[in-house]
Amino acid sequence: MAAPFPYTHYACPCSSSSGPVISKRASQLEPDEDQETFNPHDPRAAYSLYPLDHLLFCDECSQIRCPKCVNDEIINWFCPSCLFEVPSSAVRSENNRCSRNCYNCPSCSSPLHVTQVEKQDDGMLKPGDGRTGDEAYLLFCQYCDWTTLDIGVQFSRPTKITEQLNKARKARYTVQQPDSEDADKTVSKQLRNHDDAFDRLSVFYTEQMDETGESGNSWGSAYGSPANLARIMSLYGGLTHGALKKSREKPQPMREAAGEEEGLATYSPSDQDMDEETLQKMQTRGWDETASEEQALSTPANYGARFKDELWPAATTLRTKRGKRCRTCRQFIIRPEPKSGSARYRIRIIAHNNIPRLSLRPLHPIGPVQNPSFVMKSDHAYKDPILQPLSAQQFVLTLRNPIFETVKISLATPATTPGRVASRVTILCPSFEIGPAGDVWDEALSSSTSTIRPSDGGRSAAMASLTGTAEGEKQPEAGKIWEKTRNSTSVILEIVPGSLRPTSSIGLRDDEVKETVEEAEDDDVLEIPIYVRAEWTVDVHGEKGGEKEPKELGYWCVLGVGRIAA
Amino acid sequence: MAARPPTTKRTTTTSTSLPAAGPPCTIDPTAVIADKAQLTGSHPVTIAEHVVLHPYARIRAEGGSVTIGPYCIVSEGAVVGLPEGQQGDVVLERWVNVESGAEVLAKQVGEGTEVGIQARIWEGATVGRFCRLTPTEVVGAGEEVGDFTVVFGDGRRRVDKTIVESEEVRNARVKGMEKQVEALRKLVPDGKAKWIS
Ligand SMILES: [Zn+2]
Ligand SMILES: [Zn+2]
Ligand SMILES: [Zn+2]
Ligand SMILES: [Zn+2]
């Protein structure tokens with residue numbers, strides 16, 4: 001586990017072996033009755049355990065929802081550069097790219113800026129430079145200094161860049177005399193241009209569709225019509241007899257593109273000259289001038305590009321805003337505001353605000369509590385806490401209630417942890433209540449008073465040793481709550497870590513022992529599965545004193561305590 | 001090419017009153033040397049006209065002489081020159097912009113070159129004219145970077161064709177440098193007096 005000890009991971013019910021059917025009546029489950037104990041050492045466990053912050057919550061189903069049991073839904077498309085929101089109907093025709101003035105550098109992919117080329121007016125310009133004082137514009141990369149001059153393109157206006165760029169590209173790749181004897185070559189040269197080839201193919205197949213009577217009138221709906229669907233299904237077999245017969249009756253099957261006029265580019269021996277030319281160019285220009293795969297794939301216009309000076313700026317790809325729906329009830333759990341400039345959410349139900357959070361700390365901490373996030377120097381590197389086997393240790397388990405109702409909690413844990421190393425675990429007080437959460441101000445006040453409590457382990461111990469009296473030091477007691485603040489309750493957990501070596505292996509030689517340890521990686525990690533059941537009541541119509549509706553929630557979590565010493 | 005730990009620690013304390021502590025200097029009267037800029041070592045330092053040294057810029061003539069050409073800017077935290085224990089001279093031609101935190105140990109840096117923030121050019125390297133090192137890029141010891149090269153994206157290099165072909169763009173860059181120097185002249189109070197003995 002990558003997380004530092006002690007950690008708590010929460011299990012999403014979706015991946016439990018009992019499946020989603022059970023998750024509906026999870027509230028009635030008794031962990032030790034009809035549901036198997038969650039085994040954190042099971043190889044599958046890693047797929048269902050998450051830190052609390054990664055989990056969502058469906059209030060309709062009253063269940064935890066992990067990234068696997070929500071469906072993403074695209075709310076809208078927008079350009080990250082100009083923040084223009086693109087209507088979903090236009091996304092496809094614009095190739096998922098911004099069609100305004102947003103372009104990315106083909107060399108390094110950072111955004112390009114439109115800049116004006118300054119004409120010198122102080123005589124530094126070469127005399128005889130015939131160009132007048134018209135302003136010219138460029139797309140300019142502020143990071144790697146690439147400009148459209150690298151491909152020999154300048155713009156006459158700072159707006160409508162896409163239009164001007166397309167025009168420049170057309171001028172470059174359309175050969176002037178299509179009626180010359182070299183017409184074949186012109187076409188094949190044009191086909192190198194990806195867009196051109198696509199257009200020709202598109203026209204050809206649309207015509208084919210019309211001829212064969214397929215109703216699909218555009219690419220988008222080609223597979224949408226029932227007739228087409230039936231034809232495709234028949235290709236793969238598995239159709240009713242009637243449908244099969246009908247499809248055979250079709251007079252003429254659709255033809256595929258056959259020539260260059262129709263958009264099919266085939267290899268011909270005359271291409272060899274061009275290949276030679278390319279090879280020659282590669283040899284003389286070297287690796288640095290050759291376009292990388294990444295650069296060639298940046299935009300369809302670059303698909304055929306071999307050299308860096310053939311790379312065209314790539315229109316910025318659109319981004320999406322996505323909402324997340326519960327897979328079971330289709331309710332939105334997360335729904336961002338559709339406006340592209342806003343980072344707010346309309347709906348955002350996260351587990352953090354809906355299920356009690358468990359946290360563990362040693363009752364008698366040895367040394368200062370380490371937080372790996374605050375370790376500054378490498379010599380103070382975080383070390384996993386080491387647990388001595390077969391000696392009882394006490395931990396404080398704190399549950400914090402995020403909801404505004406008093407919650408009744410019952411905890412259940414197997415007496416011995418599952419896995420190869422069996423540790424004994426006892427919760428001294430398995431059922432208790434946690435007070436409701438209040439507003440932030442209340443919480444701040446109450447938590448500040450709670451830190452002064454003498455029950456704070458390290459502090460009270462220090463006090464006791466200073467004053468020489470053990471007065472005021474609490475003793476953990478079965479059935480008693482250890483500590484309680486307004487919305488959190490702590491209980492004592494007693495753990496006797498199991499021994500890593502089976503008793504029989506004590507006599508073994510060193511290397512043999514090593515072997516057994518190696519084959520059981522991470523078996524020395526002490527993880528305790530705990531089933532938490534929370535019960536509370538809510539006002540049915542949101543009014544106080546009215547009818548009350550009981551609510552229940554049950555979930556497994558795993559407490560990572562530390563590593564057992566070998 | 002591999003990044004090396006910096007060979008010396010940068011010191012931020014300056015002696016404000018002792019003119020004798022510095023290296024032998026030839027400083028053009030039009031240069032601007034901020035009061036907090038440092039000139040260290042014992043080898044000769046030549047600073048040409050219209051140079052701006054920002055506060056906490058450091059000219060380190062410890063391993064050899066340092067020559068800074070006209071209209072160069074050395075920013076805060078940048079170091080030019082070789083440290084104690086290494087030997088060699090460092091020459092910046094005109095219009096070289098050394099950005100904050102950059103370190104230039106190169107034999108020579110060509111005119112119009114920009115050394116980006118925290119970029120490093122190690123000893124013995126030569127960098128051509130109108131090059132650009134984007135922030136944090138590194139040119140290894142003894143390497144040669146040709147004219148008009150852009151070093152970016154973890155060591156990738158490309159020749160900036162725009163600037164090769166267009167004198168206008170080059171002029172624009174030079175003009176930008178000169179304008180920047182003019183602006184800085186008003187902003188950075190000059191303290192070169194203490195280095196001239
Ligand atoms: Zn799930
Ligand atoms: Zn845009
Ligand atoms: Zn770029
Ligand atoms: Zn749901």
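Quick caveat: nothing in here was measured; it's all calculated off a predicted structure. (Residues numbered from 1 in each chain as written. Chains lettered and ligands numbered in written order. Predicted model: local features only at pLDDT ≥ 70, side-chain atom pairs only at ≥ 80, totals over all residues. Heavy atoms only, no water.)

Regarding the overall build of chain B
(1) Moving on: Along its length, chain B carries 2 helices and 21 strands.
(2) Moving on: Within chain B, buried positions represent 53% of all 197 residues.
(3) Moving on: For chain B, restricting intrachain contacts to residue pairs at least 6 apart in sequence, the fraction spanning at least 24 positions comes to 26%.
(4) Moving on: Here chain B has roughly 8400 Å² of accessible surface; of this, 53% comes from carbon and sulfur atoms. (Helix = DSSP H or I, 4+ residues; strand = E, 2+ residues; numbered from the N terminus. Buried < 20%, exposed > 50% of the residue type's maximum accessible area, 1.4 Å probe, protein only. Contact = heavy atoms within 4.5 Å. Areas by Shrake-Rupley, 256 points an atom, 1.4 Å probe, with all protein chains shown as cover.)

Notes on the overall build of chain A
(1) Moving on: A tally of regular secondary structure across chain A gives 12 helices and 23 strands.
(2) Moving on: At a minimum sequence separation of 6, the contacts of chain A that also span at least 24 residues come to 68%.
(3) Moving on: Accessible surface, chain A as shown: approximately 33700 Å² in total, 52% of it carbon and sulfur.

Notes on the pairing of strand 12 (residues 332-336) of chain A
Residues and elements named next belong to chain A.
(1) Moving on: Across the 5 residues of strand 12, 4 count as buried, placing the element largely inside the fold.
(2) Moving on: Across 2 bridges, strand 11 (residues 319-326) lies against strand 12 in antiparallel orientation. If you follow Lys 324 over to strand 12, its bridge partner there is Ile 334.
(3) Moving on: Taken together, strand 11 and the strand that follows it, strand 12, pair antiparallel across an intervening segment of 5 residues, in which Arg 330 is found at a positive phi of about 65°.
(4) Moving on: Two elements, strand 12 and strand 13 (residues 345-348), share 3 bridges in a ladder whose sense is antiparallel. When the bridges of strand 13 are listed, Arg 335 appears paired with Ile 347. (Pairing = 2+ DSSP bridges.)

Considerations on the coordination of the zinc ion (ligand 3)
(1) Moving on: At 2.2 to 2.3 Å from the zinc ion (ligand 3) lie its protein donor atoms, namely Cys 105 of chain A (SG), Cys 108 of chain A (SG), Cys 141 of chain A (SG) and Cys 144 of chain A (SG).
(2) Moving on: Mapping the donors of the zinc ion (ligand 3) onto the primary sequence gives the spacing C-x2-C-x32-C-x2-C. (Donors = N, O, S within 2.8 Å, 3.2 Å for Na, K, Ca; no water.)

A short note on the coordination of the zinc ion (ligand 1)
Residue and element names in this part refer to chain A.
(1) Moving on: Coordination of the zinc ion (ligand 1) by the protein is provided by Cys 12 (SG), Cys 14 (SG), Cys 66 (SG) and Cys 69 (SG), with metal-donor distances spanning 2.1 to 2.3 Å.
(2) Moving on: Within one chain, the residues serving as donors to the zinc ion (ligand 1) are arranged as C-x1-C-x51-C-x2-C.
(3) Moving on: Residue classification places Cys 12 among the buried positions, given a relative accessible area of 3%.

Thoughts on the sheet that holds strand 9 (residues 79-80) of chain B
Residues and elements named next belong to chain B.
(1) Moving on: A sheet is described by the order of its strands in space; here 6 strands give the open sequence 3-6-9-12-15-18, paired in parallel fashion. The two strands at the open ends of the sheet, each matched to only one other strand, are strand 3 (38-41) and strand 18 (138-139).
(2) Moving on: Relative to strand 12 (residues 103-104), strand 9 runs parallel, the two being bridged by 2 bridges. Bridge pairing links Val 79 to Glu 103 in strand 12.

Description of a negative patch on the surface
All names here are of chain A.
(1) Moving on: Negative charge collects at one region of the surface, where Asp 273, Asp 275, Glu 276 and Glu 277 lie side by side.
(2) Moving on: Take Asp 273: it is sitting in helix 8 (residues 271-285).
(3) Moving on: Since its relative accessible area comes to 53%, Asp 273 is described here as exposed. (Patch = residues over 30% accessible without salt bridge, like charges linked within 9 Å, V, L, I, M, F, W, Y side chains within 5 Å. Salt bridge = Lys/Arg side-chain N within 4 Å of Asp/Glu carboxyl O. Lys, Arg positive; Asp, Glu negative; His and termini not counted. Charge placed at Lys NZ, Arg CZ, Asp CG, Glu CD.)

Comments concerning the interface of chain B and chain A
(1) Moving on: Listed per partner, the contact involves 19 residues of chain B and 23 residues of chain A.
(2) Moving on: Taking both sides of the interface into account, the surface hidden between chain B and chain A amounts to around 1800 Å²; carbon and sulfur atoms contribute 41%.
(3) Moving on: Summed over the three residues of chain B that lose the most area to chain A, namely Arg 158, Thr 162 and Glu 168 of chain B, the buried surface amounts to 32% of that side.
(4) Moving on: At the surface where chain B touches chain A, the tally comes to 3 salt bridges.
(5) Moving on: A salt bridge links Arg 173 of chain B to Asp 145 of chain A; its shortest N-O distance comes to 2.8 Å.
(6) Moving on: Counting across the chain B and chain A interface gives 10 residue pairs in polar contact (both at pLDDT 80 or more).
(7) Moving on: For the side of chain B that touches chain A, the secondary-structure elements that each account for two or more residues are strand 20 (149-152), strand 21 (156-159), helix 1 (161-165) and helix 2 (167-187) of chain B. (Buried area = accessible area lost by both parts, 1.4 Å probe. Polar contact = N/O pair within 3.5 Å; in protein donor to acceptor, adjacent residues only side chain to side chain.)

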